[in-house]
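Letter by letter, the chains look like this.
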Amino acid sequence: MTGTAGVAGAFGSALQVVVVIAGSPVLVGVMRQVRARLDGRAGPGVGQPWRDLRKLLRKDPLAPRGTSEVFRLAPVVMVATTVVVAAVAPFLTTESPLGPIADLFAVVALFALGTVALALAGIDTGTAFGGMGASREMTITALVEPTLLLAIFALSVRVNSTNLGTIVTSTLHDPGQVVSPVSLLALVALAVAVIAETGRLPVDNPSTHLELTMVHEAMVLEYSGPDLAMVEWASAMRLTLFLGLLANLFAPWGIASGGGLTALFVAVVVFAVKVGLLGLALAVGEVFLAKLRLFRVPELLAGSFLLALLAVAASFFLA
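Residues numbered from 1 in each chain as written. Predicted model: local features only at pLDDT ≥ 70, side-chain atom pairs only at ≥ 80, totals over all residues. Heavy atoms only, no water.

Caption draft 1: Region of the structure containing the overall build of the protein. For the protein, the count of helices and strands is 11 helices and zero strands. When its helices and strands are written in sequence order, the protein yields α-α-α-α-α-α-α-α-α-α-α. Here the protein has a C-alpha radius of gyration of 19 Å; the compact-globule value for 319 residues is 20 Å, and the two agree. Per-residue burial for the protein yields a buried fraction of 49% across its 319 residues. In the protein, of all internal contacts separated by at least 6 residues, the share reaching a separation of at least 24 is 80%. With the model as given, the accessible surface of the protein reaches about 14,000 Å², and the carbon-plus-sulfur share is 71%. Charge-centre separation for the protein: the mean point of 19 positive side chains lies 8 Å from the mean point of 19 negative side chains. (Helix = DSSP H or I, 4+ residues; strand = E, 2+ residues; numbered from the N terminus. Rg over C-alpha atoms; globule rule 2.2 N^0.38 Å. Buried < 20%, exposed > 50% of the residue type's maximum accessible area, 1.4 Å probe, protein only. Contact = heavy atoms within 4.5 Å. Areas by Shrake-Rupley, 256 points an atom, 1.4 Å probe, with all protein chains shown as cover. Lys, Arg positive; Asp, Glu negative; His and termini not counted. Charge placed at Lys NZ, Arg CZ, Asp CG, Glu CD.)

Caption draft 2: A look at helix α4 (residues 104–124). Between its first and last C-alpha atoms α4 spans 30 Å; for 21 residues at 1.5 Å apiece the expected length is 30 Å, and the two agree. Looking at α4, one finds that the buried residues are L104, V107, V108, F111, A112, G114, T115, A117, L118, A119, A121 and G122. Two or three places before F105, at the start of α4, stands the capping residue D103, its side-chain oxygen 3.0 Å from that residue's backbone nitrogen. (Expected span 1.5 Å × (residues − 1). Polar contact = N/O pair within 3.5 Å; in protein donor to acceptor, adjacent residues only side chain to side chain.)

Shown next as structure tokens:
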């Protein structure tokens, strides 16, 4: 990749990071506003997550007595791994100079690294709720990560590559793959995994205030100020990235496959629309769903794993 195409690809990679960083709080705000309106409430407004982050960033950082560097570095690790995924994965363009390192296993490992860092921070506090939340999070992660790997791996068999950009480009060139049995099975499995990985209903309730039902929130109870802002920001970015991957792996239309700057700006609009629609559907669904009991969550995730396994078997059978 040289010349104009290389410059546009590098610009596209940087633009992906900017869009995810700036747009993820807006996505969370839209989803909260939709849920509030469907519940018959006025809601705090779409810009409330940004106002919350600004308020937290202005506060002094505090750390519980007895915590180590694990507690202090966890928010940084979460933000760093999320930003790296935002830079390398094909969200706006398939011509990014970082595209070759957007391997399925590397991307899933980066997501897992952020999750493990936060779980270790929850344990490091030495509190009952922190340890409980970390234990629950690791149980869910142990069931979700294999599903993520298998669901996307099923899509990679037909292109003989685990590179996400190659998978997206293949779907662009052959749209008929979207309605194949492999894609449909992988779509359902990946959708369930994304819901669990991002801590949404029915697996977890991001707006709960009941300590005994918390998963993600239990691990961040001891955070405050800028550290809490980074955790909340990273969580919003992870939600945006997962929805973006779900959209582009199965409906990649609108993504820039050339070197034009105009195509990149069109891709930004299309990406915002696709992620916004998925977020809207997720928010509407959460209004009509109740949180599952913790002991029922493995059953749901085991079902998604089975669908992903069937997708892989079908991909080899139809190859």
